[in-house]
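Residue-level structural notes
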Amino acid sequence: VFEMREVTIGTRNSEYYTITEGLSTGDEVVTNGTFTVDAAAQLQGKKSMMNKRKIADLKKPMSDMKMKFPASFQKEFKKVLKGYLEMKDAFVASDAAQVAAFARVTSKSFKAIAMESLGKMEQSHSKKSIEMLDAIGSDDDLENQRAHYVMLNENIVPIAMNINGVEELLYVQKCPMANNNQGAVWLSTEKDIQNPYYGDTMLTCGSVIEEIK
């Protein structure tokens, strides 16, 4: 059992600080697995060591990205979503080979969509999504794949949020610790969190920040 302690620091000596309040001699302090402990605390509604705001209050910067897509694009994009969701599950399972395979399939579906009539922003997000899918599909290192996945989601999630009538309810989910604690999002058909950025390491870290109907 762990508990959060607010401490007061005193003078600094090289890489060390004196703790003047909050700890007593003999107290045991967590030095490994702090991300996991912090994630568990947040999911229980407790304070975070790293994020002063609750996960539910995190800023949603993609909500204001308004884009327009023709009906033909929207119809074909649903095929892209199918491959994307399979790739997401492979990320959850930390299966780099499957991640790459589904990324290639998803990229092929995306490239088959006509984009000549799209606006500048719509084309930019679409082309960047394809670029990141190709990068994921050509790499067999899971950490590199996840780094590209951050950028993929920054582009493909706003597209999905502007598609009308998705075949099933989609959840935009966010992990505040991914992307070097800058936070990163992804799409899921399941409300329960299955974190693709950490897999079993922090499987349930994150929250739903938006629904796409």
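For clarity, every value in this text was computed on a predicted model and none was experimentally measured.

This part is about the packing of helix α4 (residues 120–137) against helix α5 (residues 142–161). Packed helices, taken two at a time, are described by the angle between their axes plus the distance between the axes. The interhelical angle for the contact between α4 and α5, taken along N-to-C directions, is 155 degrees, at an axis separation of 8 Å. It follows that α4 is roughly antiparallel to α5 by the angle criterion. You can see that α4 and α5 cross each other, and the crossing is left-handed. Facing Ser-124, His-125, Ser-126, Lys-128, Ser-129, Met-132, Leu-133, Ala-135 and Ile-136 of α4, the residues of α5 in contact are Gln-145, His-148, Tyr-149, Met-151, Leu-152, Glu-154, Asn-155, Ile-156, Pro-158 and Ile-159. Split into classes, the residues belonging to the contact of α4 with α5 amount to 10 nonpolar, 7 polar and 2 charged.

Bringing helix α2 (residues 71–92) into the picture now. In this model α2 runs 32 Å from its N-terminal to its C-terminal C-alpha over 22 residues, within 8% of the 32 Å that 1.5 Å per residue would give. Once α2 finishes, Ser-94 follows within two positions and takes phi at roughly 55 degrees, a positive value.

On to unusual backbone geometry, then. Of note in the backbone geometry, Ser-94 takes a positive phi value of approximately 55 degrees without being a glycine. By the element assignment, Ser-94 lies in the loop between α2 and α3 (96–111). Even without being a glycine, Asn-181 presents a positive backbone phi close to 65 degrees. Examined against the element boundaries, Asn-181 turns out to sit in helix α6 (residues 178–181). A relative accessible area of 37% means that Asn-181 is categorised as partly exposed.

This brings us to the nonpolar core. One finds Phe-73, Phe-77, Tyr-84, Met-87, Phe-110, Tyr-149 and Leu-152 to be the most contacted residues of the largest nonpolar core, which totals 47 residues. Secondary structure elements with two or more residues in this core: α2, α3, α4, α5, β3 (170–175), β4 (184–188) and β5 (207–212). The leading source of residues in this core is α2, at 9 residues.

Turning our eyes to something else, we now look at the pairing of strand β1 (residues 8–13). With 0 of 6 residues buried, β1 lies mostly on the surface of the structure. For β1 and strand β2 (residues 16–21), the ladder comprises 4 bridges, and the chain directions are antiparallel. Looking at β2, one finds that Thr-8 is bridged to Glu-21.

Cut-off values and rules
- Residues numbered from 1 in each chain as written.
- Predicted model: local features only at pLDDT ≥ 70, side-chain atom pairs only at ≥ 80, totals over all residues.
- Heavy atoms only, no water.
- Axes fitted to C-alpha atoms, helices over the stretch in contact; angles between N-to-C directions.
- Helix = DSSP H or I, 4+ residues; strand = E, 2+ residues; numbered from the N terminus.
- Parallel < 35°, antiparallel > 145°, perpendicular 65-115°, else oblique.
- Left-handed = near helix turned anticlockwise from the far one by under 90°.
- Contact = heavy atoms within 4.5 Å.
- Nonpolar A, V, L, I, M, F, W, Y, C, P; charged D, E, K, R; others polar.
- Expected span 1.5 Å × (residues − 1).
- Buried < 20%, exposed > 50% of the residue type's maximum accessible area, 1.4 Å probe, protein only.
- Core = buried A, V, L, I, M, F, W, Y, C linked by side-chain atoms within 4.5 Å.
- Pairing = 2+ DSSP bridges.

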